[in-house]
Amino acid sequence: MGKAANTGRAGKADQVNSVWLRPRRERRGEPPLTHSRIVAAAVALLDEEGIDRLTMRRLAERLDVVAPSLYWHVDTKDDVIDLAVDAIFGEAPPKPGTGRAEDWRADVTAVLTGWRTVLLRHPWAAAVPARRRPTIGPHFLAGMELLQATLARAGFTGQGLSAATWALYNHVMGSASSQTALHITDEERRLGQDQLKAASGQYPTLAANGYLYDDDWDGSYSTGLKFILDGLEAQL
């Protein structure tokens, strides 16, 4: 997900990596597997054990098939992850807004809230966008279409539309990723804050404002979104 970039990696320029852009193979007879079964099992495995534990072998075991059977439907583990990511976005289908330009902030908030809800429900997914291919599955695209259509209706165009889209996208993805990835114990928090206080001459603001006790994720997300929307509204 996110903007495509030239990474300089080796590979053919005309190579198609995305599972969404390759034609599906035709069935031979009635195989016991389907995309929907594979995706459901993958999401369950990812929810229980995390992305680092996902392998084609473990997924095949969960489906009670041999691993080669999976390769008739998906080419790589990345394909499985792409399909699983899009599936969870389907859990919060975007709701059409009012269609009125003046309601654009509420409509944008609704899309982002839906995304954040599923990302927190499936913690493994929040870290995927930073290291995977752009997501162009139908469920995610439905939300992205509504987001950009809402911004366009409000008056954003061209580079302004693109910048507004990715500022909002990065806020919700970054917030969910930080919340799901950051783990700190109460003792680590106490010792760390004591260390900051001891070094308050070097870190006066962090020491004074309880940096390591700042874990109001919902509040920070909502306030940050308000700041972004205020800034975008000022541009209009």
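Scoring rules and cut-offs
Every residue gets a number counted from 1 within its own chain, in the order that chain's sequence is written. In keeping with the predicted nature of the model, local features appear solely for residues at pLDDT of at least 70, side-chain atom pairs appear and are counted solely at 80 or more, and the whole-chain, interface and lining totals rest on all residues. For side-chain calculations, the full set of non-hydrogen atoms in the structure is used, while hydrogens and water are omitted. Here a pair means two rings of Phe, Tyr or Trp (six-membered ring of Trp) with centres within 6.5 Å. Their orientation is stacked below 30 degrees between planes, edge-to-face above 60, and tilted elsewhere. Here a strand is any run of E in DSSP of at least two residues, a helix any run of H or I of at least four, and the numbering for each starts at the N terminus. UniProt positions are given in the numbering used here, feature names are shortened, and annotations may be inferred rather than shown by experiment. Each residue is assigned to one of three classes by its accessible area relative to the maximum for its type, calculated with a 1.4 Å probe on protein chains only: buried under 20%, partly exposed between the two thresholds, exposed over 50%. The term polar contact refers here to a pair of N or O atoms within 3.5 Å; inside protein, the definition further demands a hydrogen-donor-capable atom paired with an acceptor-capable atom, and it admits residues adjacent in sequence only when both atoms are side-chain atoms. Here, residues are in contact when the closest pair of their heavy atoms is within 4.5 Å.

The name an unreviewed UniProt entry assigns to the chain is TetR/AcrR family transcriptional regulator C-terminal domain-containing protein, from the organism Actinomadura meridiana.

Chemist: Now, about the packing of aromatic side chains: what can you tell me, with residues and values included?
Modeler: Two aromatic rings are characterised by how far apart their centres lie and by the angle between their planes. Counted by the stated rule, this structure contains seven aromatic pairs. Ring centres of Phe 89 and Trp 115 lie 6.0 Å apart, and the angle between their planes is 80°; this geometry places the pair in the edge-to-face category. Here the residue Phe 89 occupies a position in helix 4 (residues 77–89), and Trp 115 occupies one in helix 5 (residues 104–121), the gap between them amounting to 26 residues. Between Trp 166 and Tyr 169 the ring centres are 4.9 Å apart and the planes differ by 80°, which places this aromatic pair in the edge-to-face class. Of this pair, Trp 166 and Tyr 169 both sit in helix 8 (residues 158–181), separated by three residues, roughly a single helical turn. Taken together, the aromatic side chains of Phe 89, Trp 115, Phe 140, Trp 166 and Tyr 169 make up a single cluster linked through ring pairs.

Chemist: Give me the UniProt feature "DNA-binding region" (unreviewed entry) in the chain: which residues, what numbers.
Modeler: Under the feature "DNA-binding region" (unreviewed entry), the UniProt entry names residues 55–74. The span residues 55–74 is 60% helix and 0% strand, and its two end C-alpha atoms sit 13 Å from each other.

Chemist: Tell me about the side chain of Thr 180, residues and numbers included.
Modeler: Tracing the backbone through its elements, the reader meets Thr 180 in helix 8. For Thr 180, a relative accessible area of 17% corresponds to the buried category. In terms of polar contacts, Thr 180 uses its side chain to reach the backbone carbonyl oxygen of Ser 177, at 3.2 Å. Apart from residues lying up to four places away in sequence, Thr 180 is in contact with Leu 119, Leu 120, Pro 123 and Ala 126.

Chemist: Could you give an account of the environment of Arg 105, naming the residues involved and the relevant values?
Modeler: Note that Arg 105 resides in helix 5. The spacing of Arg 105 and Thr 150 is 45 residues in sequence and 8.6 Å in space, taken between C-alpha atoms. Ignoring anything within four residues of it in the chain, the contact list for Arg 105 reads Lys 226, Leu 229, Asp 230 and Glu 233.

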